[in-house]
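The chain contents come next:
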Amino acid sequence: LLLALCFGFNPRASTAQLLRLVPPPLAQWLWGSSAALLPNLNTNAWRFEIRAPAYTGQGSKILQGMSDLLALKGSEITATVGLDQPVTQARLHLGDEILPLQQRRGNWTTSWIAQQSLPFFVEAMDAKGVRYAESTPHQLLVETDRPPQIRWTRFPAEWAHPDDPLRFSYAASDDFGLQVIR
């Protein structure tokens, strides 16, 4: 009510017109995710390129379509998305961070490094200043690399002569393979 009085209340204004008066940080503080308050934005043609950290030897993979996104911590993610209506600005809400989307060949794109699991959604604005957002956030799920595992397969003899060689064996494994064992 206070915002309406400050900015001039128009009883015929649409919800979208009224909501555009509220800055996103204030809307999030007042109502939680600002996505729930904005007119729906339909996204299509999601494409993700996920480049795993070099030490994993996994290289990059391309995912088409939209579902929860799974990436290893430290992966570089490039997201490209098509929108169902003409807009002049778009941004990706990634948890509490907001990343600008750049328009390229009719789609919108941005990149970031995956550090933790977070919800994400797209928000956009058209030429008239009307803001739109996806009604349901997606989920980025970040996996942490586990350390290598080493286990004894044969223990050295309990007693040995000082001139005898000490013999033992072990097995080592890692979720991304091992290059060198020292």
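Reading the values: rules and limits
Per-chain numbering applies: the sequence of each chain, read as written, is numbered from 1 onward. Where local features are concerned, this predicted model is filtered to residues with pLDDT of at least 70; where side-chain atom pairs are given and counted, the filter is 80 or more; whole-chain, interface and lining totals use all residues. By convention in this description, side-chain values take in all heavy atoms of the structure and omit both hydrogens and water. Helix numbering and strand numbering both begin at the N terminus, where a helix is a DSSP run of H or I of at least 4 residues and a strand a DSSP run of E of at least 2. Here the open area of atoms and residues is found with the Shrake-Rupley method and a 1.4 Å probe, where only the protein chains shown may cover a residue. The classification of residues rests on relative accessible area computed with a 1.4 Å probe and restricted to protein chains. Under 20% of the type maximum is buried, over 50% is exposed, and intermediate values are partly exposed. Think of a polar contact as two N or O atoms within 3.5 Å of one another; within protein, one of them needs to be a possible hydrogen donor and the other a possible acceptor, and neighboring residues in sequence only count if both atoms come from side chains. By definition in these notes, contact holds between two residues if any of their heavy atoms fall within 4.5 Å. In what follows, salt bridge is the name for a side-chain nitrogen of Lys or Arg lying within 4 Å of a carboxyl oxygen of Asp or Glu.

Observations regarding the overall build of the protein chain
From N to C terminus, the protein chain includes three helices and 13 strands. Of the roughly 12200 Å² of accessible surface on the protein chain, a fraction of 54% belongs to carbon and sulfur atoms.

A closer look at the side chain of Thr-110
Its place among the elements puts Thr-110 in strand 8 (residues 107–113). For Thr-110, a relative accessible area of 10% puts it in the buried group. In this structure the side chain of Thr-110 is engaged in a polar contact, spanning 3.2 Å, whose partner is the backbone oxygen of Pro-100. Ignoring sequence-local partners within four residues, the contact set of Thr-110 consists of Ile-77, Thr-78, Ala-79, Leu-92, Leu-99, Pro-100 and Leu-101.

A short note on the side chain of Asp-126
Relative to the elements of secondary structure, Asp-126 occurs in the loop between strand 9 (118–125) and strand 10 (131–133). Overall, Asp-126 belongs to the buried group, its relative accessible area being 13%. If we skip the residues at most four places from it in the chain, Asp-126 touches Pro-86, Val-87, Thr-88 and Tyr-132.

Details of the environment of Trp-112
Within the element layout of this structure, Trp-112 appears in strand 8. Separated by 33 residues in sequence, Trp-112 and Ala-79 have C-alpha atoms that sit 8.7 Å apart. The residues touching Trp-112, leaving out its near neighbours within four places in the chain, are Ser-75, Glu-76, Ile-77, Ala-79, Leu-92, Leu-94, Leu-99 and Leu-140.

Quick notes on the pattern of salt bridges
A complete count under the given rule lists four salt bridges for this structure. The salt bridge partner of Glu-123 is Arg-91, with a shortest N-O separation of 3.3 Å. Separated by 32 residues along the polypeptide, Glu-123 in strand 9 and Arg-91 in strand 5 (residues 89–94) bring together distant segments of the chain. Note on Arg-91: relative accessible area 25%, which makes it partly exposed. For Glu-123, a relative accessible area of 2% translates into the label buried. One salt-bridge network, in which partners are shared between bridges, spans Glu-49, Arg-51 and Glu-76.

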